[in-house]
Amino acid sequence: MKRSDAADVTRAKQRFNLNRAQVVDGNFIDFVNGLRATVGGAAVSPADVVDDETGLTAGDLVELFDSQIIVRHQDIEARNMRARNEGFYTIGSAGHEGNAVVGRVTRHTDIAFLHYRSGGFMAERSRKVPAIDFVKDTMLSFAASTEDPISGGRHKVWGSKALFVPPQTSTIASHLPKAVGAAMALPRASRLGVESGMPGDAIVVCSFGDASANHATAQTAFNAVSNAAYRHLPVPLLFVCEDNGIGISVKTPSTWIEASMRNRPGFGYFQGNGLDLIDAFRATKRAVDTCRSERTPVFLHLRTVRLLGHAGSDAETEYHSWAQIEANEAKDPLLASAKLLVELGVLTPAVVLEMYERARSRVAEASRYAAGTRKIDSATEVLAALAPNSPEAVLQEVQRVVPPEKRVEVFGDEEHLPENGPPRHMAALINHGLHDLLLKYPEATLFGEDVAKKGGVYHVTTGLVKKFGLARVYNTILDETTILGLAIGAAHVGFLPIPEIQYLAYYHNAQDQIRGDACSLQFFSNDQFRNGMVMRVAGWAYQKGFGGHFHNDNSIAALRDVPGLVIASPSRGDDAVKMMRTCMAMAKVDGRVIAFIEPIALYMAKDLHEKKDQAWSFAYPSPGESIPLGEGEVYHADATDVTILTFANGVWMSLRAAKELKDKHGVSVRVVDLRWLNPLNEAFIAEQAKVTGRVVIVDEGRKTGGVGEAILAVLMERCGGNVVVKRVVGVDTFIPLGGAANLVLPQDEDIVSACCDIVVGAKSSGKKKKPTRTASRG
């Protein structure tokens, strides 16, 4: 083919796709005009029942049709806006407008996690809250307007606080696990008296496409629901699979969804024709009634068709012939709805066209308004809702302590209150701290693998289930995606979750639940929705006797770059308790999501320099004591030779190294425990570095992607050439088993060597540093 011929073909394809919205628009008008000659006038009143099984009235049908045509015009106008550079999103609902029946049959207080073709659902649900201007709000969202009532101009999402629709990203199927979490939490909330903001018989709605149903995340959700239902747990969850037979360009076998879901254990299965309002309404009503009355999971399978391609930029002719595209367009649900209304005598063709053009005018007017509104114009505004931080309110929440008599009920008599006991290791102190937190927050739940009767693989949760019951402390199936989905969903219905990830390496199985969902919620909802939680993770390396990669993982790169995520990692038991109090307060007050990484190797550590010195055993902090976000700790504050910046296991090792450096080499070392790894306290880091001008970064993580990289960047940007820096860091590898692990992880002697080198190097270069003083615990 000649180059000119290929260009002609490309232009023809582009014209075909760009004009297809106009073709579908014209098809509808021509179709309705064709009805005029064959069908008589309207003779049915709005109150007349048109379906005896469901009680569906003519008025219901007219409103459903109105929702369908409004959404169709929004899809068409979205493409026009994009062409004018006034809109920025063209994934539409065309062909899926039948999901309006789900919006009508469910209540607006049934929390709904929706996929991106849910315009019909939203249009219809909006009728339940008259104050909402659905047409205007949607066009504001297309235009990325700061007046967009859900995201404030950050993204086009379906969402509404008043309609109980948290906004979703486009991550494939990532919203299914949290829908499971919400559905499993609703009955628990009723049982425990936790305020969910929803009626006691509310259900959870979760919609997705046929292609998404194949995703591992979706399969995880289906499995979790089946497992729960098999164990006779109530799970009032309505899965809605809108099956258009294709995922972008990859076809789904026509019987695949039914074959894979109809006989799934624990599920009810209902199928409806999403192109036929009455048939879809019947199937949806049966599904919703079953889900609500029996508190059981239901799979509603709606057959749909995708029109106008995957999105405005999708060249559908690359994988569909024009004949196939036109055949799909002939299945347009708006054609079927118009024909139904006219044949039933509900509307005349003329009235149908009047409705259609009136909707066009409404959408066009809203589009013009949206195009003229202000858009986000600063990075500060983009970030405003990402990570709320209210330190004074958080501190006030931390200092809101439980009355002593209530604590006595949990711990025994006053003598057995943990602050009156002897110094203990980290595992014991965290255990006491969790007892206190579950007592303080009746809405808090703790769950994960083996956390209940066994008390966790390191016994950190021992005794919690006995004190607080299985409704609040419970085991989950062995699946991290499910664990985090349960946490996000529970937070949506009023809980303050404390999910446990048994080992750091296991987090990577489920990281998108935090990255794509939990931490994006406040951003995409302009902080209207929150899912605060404290995710406890047993992590880092140096574990003796039970090591290897999966139990000694030292990489947190997948956590560090998640926007808005707080990462806390204590090095000692009393700090762990105080930091966790702050974390729980941040989750409650600001809705923050926190990864709380507990160093496994220090769980049982009691000694520091020699056996039985008890130098790493600490007293339990009294209620109300805390460590604020970003506050570090300085050991040996009078030292002037070297500053070690470190965290977690690195603190324990660095203190040992500091003693050897002082005793054997005459080098004084200040050891700085950063504690909070994201966000880093940059001012504190720079301040501590400047005290000596010589810095050793001890990072037990990997050289690439570790916290040490971020610390280096801070030192370069804030200190320039005024400090000399060396790194003691893990090797870029997986952690081997046994003693070989020590070959790729920082050791005491490595720290000693680095400190000696940097001091000798500085002296030989003639650099002298006049020390400065900073206030600190010595």
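Let me sum up the structure you'll find in this document.

Parameters at a glance
Residues numbered from 1 in each chain as written. Predicted model: local features only at pLDDT ≥ 70, side-chain atom pairs only at ≥ 80, totals over all residues. Heavy atoms only, no water. Helix = DSSP H or I, 4+ residues; strand = E, 2+ residues; numbered from the N terminus. Rg over C-alpha atoms; globule rule 2.2 N^0.38 Å. Buried < 20%, exposed > 50% of the residue type's maximum accessible area, 1.4 Å probe, protein only. Contact = heavy atoms within 4.5 Å. Areas by Shrake-Rupley, 256 points an atom, 1.4 Å probe, with all protein chains shown as cover. Core = buried A, V, L, I, M, F, W, Y, C linked by side-chain atoms within 4.5 Å. Axes fitted to C-alpha atoms, helices over the stretch in contact; angles between N-to-C directions. Parallel < 35°, antiparallel > 145°, perpendicular 65-115°, else oblique. Nonpolar A, V, L, I, M, F, W, Y, C, P; charged D, E, K, R; others polar. Pairing = 2+ DSSP bridges. Salt bridge = Lys/Arg side-chain N within 4 Å of Asp/Glu carboxyl O. Expected span 1.5 Å × (residues − 1). Phe/Tyr/Trp six-rings, centres within 6.5 Å; stacked < 30°, edge-to-face > 60°. Polar contact = N/O pair within 3.5 Å; in protein donor to acceptor, adjacent residues only side chain to side chain.

**Digging into the overall build of the protein**
Thinking step 1. Across its full length, the protein carries 27 helices and 21 strands.
Thinking step 2. The C-alpha atoms of the protein give 30 Å as radius of gyration, which agrees with the globular expectation for 778 residues (28 Å, within 12%).
Thinking step 3. With the C-alpha coordinates aligned to their principal axes, the bounding extent of the protein is approximately 105 × 70 × 45 Å.
Thinking step 4. Counting only residues that meet the buried cut, the protein has 59% of its 778 residues in that class.
Thinking step 5. Within the protein, residue pairs in contact and separated by at least 24 positions form 80% of the contacts whose partners lie at least 6 positions apart.
Thinking step 6. Element-wise, carbon and sulfur atoms account for 53% of the exposed surface of the protein, whose accessible area totals about 30,000 Å².

**Thoughts on the nonpolar core**
Thinking step 1. Ranked by internal contacts, the top residues of the largest apolar core, which has 169 residues, are F222, L237, F239, F299, I514 and L559.
Thinking step 2. With sequence-adjacent residues up to four places away left out, I514 is seen in contact with L484, Y507, C519, M533, M535, V562, L565 and V593.
Thinking step 3. In this structure, F134, V135, V288 and L302 belong to the second largest nonpolar core, which totals 75 residues.

**Thoughts on the packing of helix α18 (residues 480-492) against helix α20 (residues 511-518)**
Thinking step 1. The contact between α18 and α20 brings their axes to 8 Å, and the two run at 30°. Taken together, α18 and α20 sit at an angle that is classed as roughly parallel. Of α20, the residues touching α18 (which contributes T481, L484, G485 and I488) are Q513, I514, D517 and A518.
Thinking step 2. By residue class, the composition of the contact of α18 with α20 is four nonpolar, three polar and one charged.

**Some thoughts on the pairing of strand β12 (residues 496-501)**
Thinking step 1. Summarising burial for β12: six of the six residues are buried, a large majority.
Thinking step 2. For strand β10 (residues 444-448) and β12, the ladder comprises five bridges, and the chain directions are parallel. Bridge pairing in β12 links A444 to L496.
Thinking step 3. In the sheet, β12 pairs with strand β13 (residues 533-539) via two bridges, with the strands oriented parallel. Among the inter-strand pairings, I501 is bridged to a residue of β13, identified as V537.

**Here's the deal with the pattern of salt bridges**
Here the idea is simple: oppositely charged side chains can pair when their charged atoms come close.
Thinking step 1. Summed over all chains, the structure comprises 44 salt bridges.
Thinking step 2. Salt-bridge contacts for R104 lead to E63; the nearest nitrogen and oxygen are separated by 2.9 Å. Taken as a pair, R104 in helix α3 (residues 100-105) and E63 in helix α2 (residues 58-83) lie far apart in primary sequence, 41 residues in all.
Thinking step 3. E631 is the partner of R675 in a salt bridge, and the nearest nitrogen-oxygen pair spans 3.9 Å. Taken together, the residues span a long stretch of sequence, with R675 in the loop between β18 (669-673) and β19 (676-678) and E631 in the loop between β15 (593-599) and β16 (633-635) at a distance of 44 residues.
Thinking step 4. One network of salt bridges, in which partners are shared, links D60, E63, D66, R104, E124 and R127.

**Some thoughts on the packing of α2 against helix α9 (residues 277-294)**
Thinking step 1. Remark: α2 packs on α9, axes separated minimally by 11 Å, with the N-to-C direction vectors making an angle of 105°. The pairing of α2 with α9 is recorded here as roughly perpendicular in orientation. When α2 is examined against α9, the residues L61, L64, F65 and Q68 are found in contact with a partner set consisting of L277, I278 and F281.
Thinking step 2. Partitioning the contact of α2 with α9 into residue classes produces six nonpolar, one polar and no charged.

**Quick look at helix α7 (residues 216-230)**
Thinking step 1. Here α7 is 15 residues long and its end C-alpha atoms lie 21 Å apart, about the 21 Å a rise of 1.5 Å per residue gives.
Thinking step 2. Once α7 ends, the next one or two residues include H232, with phi positive near 65°.

**Re the packing of aromatic side chains**
Thinking step 1. On inspection of all chains with the given rule, the structure shows 19 aromatic pairs.
Thinking step 2. For the pair F208 and F239, a centre-to-centre distance of 5.8 Å together with 75° between the ring planes defines the contact as edge-to-face. Highlighted residues: F208 in strand β4 (residues 204-209) and F239 in strand β5 (residues 237-243), separated in sequence by 31 residues.
Thinking step 3. Take F208: its relative accessible area is 0%, and that puts it in the buried class.

**Regarding the sheet that holds strand β3 (residues 112-113)**
Thinking step 1. If you trace the five strands from one edge of the open sheet to the other, you get β3-β4-β5-β9-β8, paired in parallel fashion. A strand with exactly one partner marks an edge of an open sheet, and here the two such strands are β3 and β8 (268-273).
Thinking step 2. The pairing of β5 with strand β9 (residues 298-303) spans six bridges and is parallel. By the bridge assignment for β9, F239 is matched with F299.
Thinking step 3. Against the sheet, helix α6 (residues 176-192) engages β3, β4 and β5, with an angle of about 165° to β4.

**With respect to α9**
Thinking step 1. When the terminal C-alpha atoms of α9 are compared, their 25 Å separation across 18 residues agrees well with the 26 Å that a helix rising 1.5 Å per residue should span.
Thinking step 2. Where α9 is concerned, the buried positions are L277, I278, A280, F281, A283, T284, A287, V288, T290, C291 and R292.
Thinking step 3. Sitting at the amino-terminal end of α9 is D276, which places a side-chain oxygen 3.0 Å from the backbone nitrogen of I278.
Thinking step 4. Residue R295 follows α9 closely and has a positive phi angle near 50°.

**As for the sheet that holds strand β14 (residues 566-568)**
Thinking step 1. Strand order in the open sheet made by the seven strands is β11-β10-β12-β13-β15-β14-β19, with mixed pairing throughout. Looking at the sheet topology across the chains shown, the edges are occupied by β11 (473-475) and β19. Averaged over neighbouring strand pairs, the angle between their axes works out to 20° when direction is ignored.
Thinking step 2. Packing of helix α23 (residues 573-590) onto the sheet brings it into contact with β10, β12, β13, β14, β15 and β19, and relative to β15 it is tilted by some 165°.

**Things to note about the environment of L233**
Thinking step 1. Secondary-structure assignment places L233 in the loop between α7 and β5.
Thinking step 2. The class for L233 is partly exposed, based on a relative accessible area of 34%.
Thinking step 3. Considering only alpha carbons, one finds L233 and D590, 357 residues apart in sequence, at a separation of 32 Å.
Thinking step 4. Residues in contact with L233, not counting those within four places in the same chain, are M184 and A228.

**Side note on the environment of I70**
Thinking step 1. Considering the arrangement of structural elements, one finds I70 in helix α2.
Thinking step 2. A sequence separation of 472 residues divides I70 from Y542, and the C-alpha atoms of the two residues are 61 Å apart.
Thinking step 3. Ignoring sequence-local partners within four residues, the contact set of I70 consists of F134, V135, A359, R362 and V363.

**Side note on the pairing of β10**
Thinking step 1. Counting buried residues in β10 gives five out of five residues, a clear majority hidden from the surface.
Thinking step 2. The alternating pattern of β10 places A444, L446 and G448 and T445 and F447 on opposite faces, both of which are buried.
Thinking step 3. Pairing geometry for β10 and β11, over three bridges, is parallel. Each bridged residue has a counterpart across the sheet, and for F447 the counterpart in β11 is Y474.

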